[in-house]
Amino acid sequence: MIAHEERSSNVYDDIQFQHVIVEEMGELLPTKLLAECDLSRARSVLEIGCGTGEWLRAVARQYPGLQCIGLDEDGLQVKAANALAYRDGLSQVAFLAQKINDIPPTLFPKGSFDLVHLSFLSRYILTADYSALAHMCAALCRPGGTVCWTEAELPLTTSAAFERLTELVCEAVQRAGQSFIPKRMWEWAELVAAHTGKTGVETSTYKRRHLGITPMLGGWLLDAGCGAQGDTSRYSIRGRDERVIHETAYAIEVSAGQPANTGFVGQARRFAGQVKPLLLRTGVIEEMEHAALCDQIETELTNQEFCGLSFLLRVWAPRP
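All values derive from a computational prediction rather than experimental measurement. (Residues numbered from 1 in each chain as written. Predicted model: local features only at pLDDT ≥ 70, side-chain atom pairs only at ≥ 80, totals over all residues. Heavy atoms only, no water.)

Our next topic: the confidence of the model for the protein chain. The predicted model of the protein chain averages 88 in pLDDT, with 84% of residues at 70 or higher. Ignoring residues within four places in sequence, the model shows residues 1–5, a span with pLDDT below 50, making 0 contacts including any to other chains. A low-confidence stretch, residues 232–237 stays under pLDDT 50, and its non-local contacts, those more than four residues away or across chains, total 9 contacts. (pLDDT = per-residue confidence, 0-100. Contact = heavy atoms within 4.5 Å.)

This part takes up the pattern of salt bridges. For the structure on display, the rule yields 13 salt bridges. E54 is the salt-bridge partner of R57, the closest N and O atoms lying 2.9 Å from each other. Of the two residues, R57 and E54 are both situated in helix 3 (residues 54–62); the distance of 3 residues between them amounts to about one turn of the helix. You'll find R57 and E54 in the same group, each marked buried. (Salt bridge = Lys/Arg side-chain N within 4 Å of Asp/Glu carboxyl O. Helix = DSSP H or I, 4+ residues; strand = E, 2+ residues; numbered from the N terminus. Buried < 20%, exposed > 50% of the residue type's maximum accessible area, 1.4 Å probe, protein only.)

Looking at the element boundaries, E151 is found in strand 5 (residues 141–152). No salt bridge is formed by the buried E151. Its closest oppositely charged neighbour is R123, at 6.9 Å. A polar contact of 2.9 Å, which involves the side chain of E151, links it to the backbone nitrogen of L121. Polar contacts involving the side chain of E151 include one to the main-chain amide nitrogen of S122, which spans 3.0 Å. Ignoring sequence-local partners within four residues, the contact set of E151 consists of F120, L121, S122, I213, T214, L217, F311, L312 and L313. (Lys, Arg positive; Asp, Glu negative; His and termini not counted. Polar contact = N/O pair within 3.5 Å; in protein donor to acceptor, adjacent residues only side chain to side chain.)

So, on to the nonpolar core. Residues L46, L121, Y130, W149, L165, F264 and L279 are the most contacted members of the largest nonpolar core, which totals 67 residues. When residues in this core are grouped by element, the largest group, 7 residues, is from helix 6 (residues 160–175). Judged by nonpolar contacts, the second largest core, of 26 residues, contains L39, L66, C148 and W316. (Core = buried A, V, L, I, M, F, W, Y, C linked by side-chain atoms within 4.5 Å.)

Turning to the pairing of strand 3 (residues 93–97), a few remarks are in order. Two strands pair when backbone bridges link them, and strand 2 (residues 67–72) and strand 3 are joined in this way by 5 bridges, in the parallel orientation. Bridging across to strand 3, D72 finds its partner in A97. In this fold, strand 2 hands off to helix 4 (residues 75–87), which returns the chain to strand 3; that crossover is right-handed. (Pairing = 2+ DSSP bridges. Right-handed = clockwise from strand over helix to strand, strands pointing away.)

Now for the environment of Y250. Tracing the sequence through the fold places Y250 in strand 11 (residues 246–253). Between the alpha carbons of Y250 and R314 there is a distance of 8.1 Å; along the sequence they are 64 residues apart. Those residues within four positions of Y250 in sequence are excluded, and the remaining contacts are M25, E27, P30, S310, F311, L312 and R314. A polar side-chain atom of Y250 sits 2.5 Å from a polar atom in the side chain of E27.

For helix 6, with 16 residues, the first-to-last C-alpha span of 23 Å sits near the 22 Å given by 1.5 Å per residue. Every buried residue belonging to helix 6 is among A161, F162, E163, L165, T166, L168, V169, C170, E171, A172, V173 and Q174, and all of these are buried. Just downstream of helix 6, G177 is the residue with a positive phi angle, here 80°. (Expected span 1.5 Å × (residues − 1).)

Next up, the structure:
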C-alpha cells in the first residue's frame, strides 16, 4: 500500500515537473522547425519517451487537427497521460506503454508520421540502442517530415554530493560498457600512453563529467539518413557533408527559489535511488557510502543557497 502511494506521488511529481520543463523551455518547438514542418497542415505526430504526456498534450491543444500518439516504458505514467488527455477532452491523443528498445516494426506503418519527437531517452542509457532507434524513427517519418530529438545532460550544481554522484554514474556507465566514446577514439589515448611509458589505457579509468549523449544526437540523425541539403562546400568531421542538422540549446535554472527547483530536487532524489543497483554492481561505491551520499544530497539540494543549471539540446532534421 505504501509503495503504491509512493509510486502515485512520483507520477504526480512527474506531471508537475514536465509541465515546468515545457514552460521553462519557452516553446513547444523551435520557430525554424515549425516553419519547415507546418503542423497546422500535418496529420500525425509520434512522441517516444512521452512520460506523462505534458508536451504532446500541449501540441494537441495548439493543433487540434493532429492525431497524436505517445510511447513510454512507464505504465503508470502512460495511464496518467491517458487520464489527463481524457480530462482535457483530447480525443485525438493516445498514449501506449511500450519498451523503447523493442518497438515492433508492425506497430506503425512506415512513413506514418509528419513529426517524430524523441524525448529525454538518456534514462535508458543501459538498455537503448540509440543509433537503431534513430533509424527506426526516420523510417516512421514520412518523406518531407521531421525527426526531432530533445535530450539533457546531468545538471551542473553547487552541491558537492550531487557532483560526486554525477561522477560515479559516469564511471559506472563507463565500466558497464555503455560509454558514448567510440572505440577508435581510444587509439589516441593508447598512442599517448606509449609515449609516456604506460603499457595501456583502461577505458574504465577515464574520468568524465557528462554522459555525453547530446553531442551524439546530430550524428545519429545523419546516420539515419536525415538532414537538409546545405552548402556543398561545408565540411564536418565526417568529411564533406552536404546535409544540415539544426540545433537549439536551452539552459534551465534549478536553483533554490526557481520554478524548476522543487521538481528537480524530487527527480534528483529518485535518480540517486534508481542508479544505486548500477553503482553497486560496477563497484564504484559501497552501500553505506551510497546511503551517506544520498543523505548529503538531500541536505545540500534543499539548502536555500543551492544553485544549479540543467542543459538541454534539441536537434532536428527533415527526412528526405
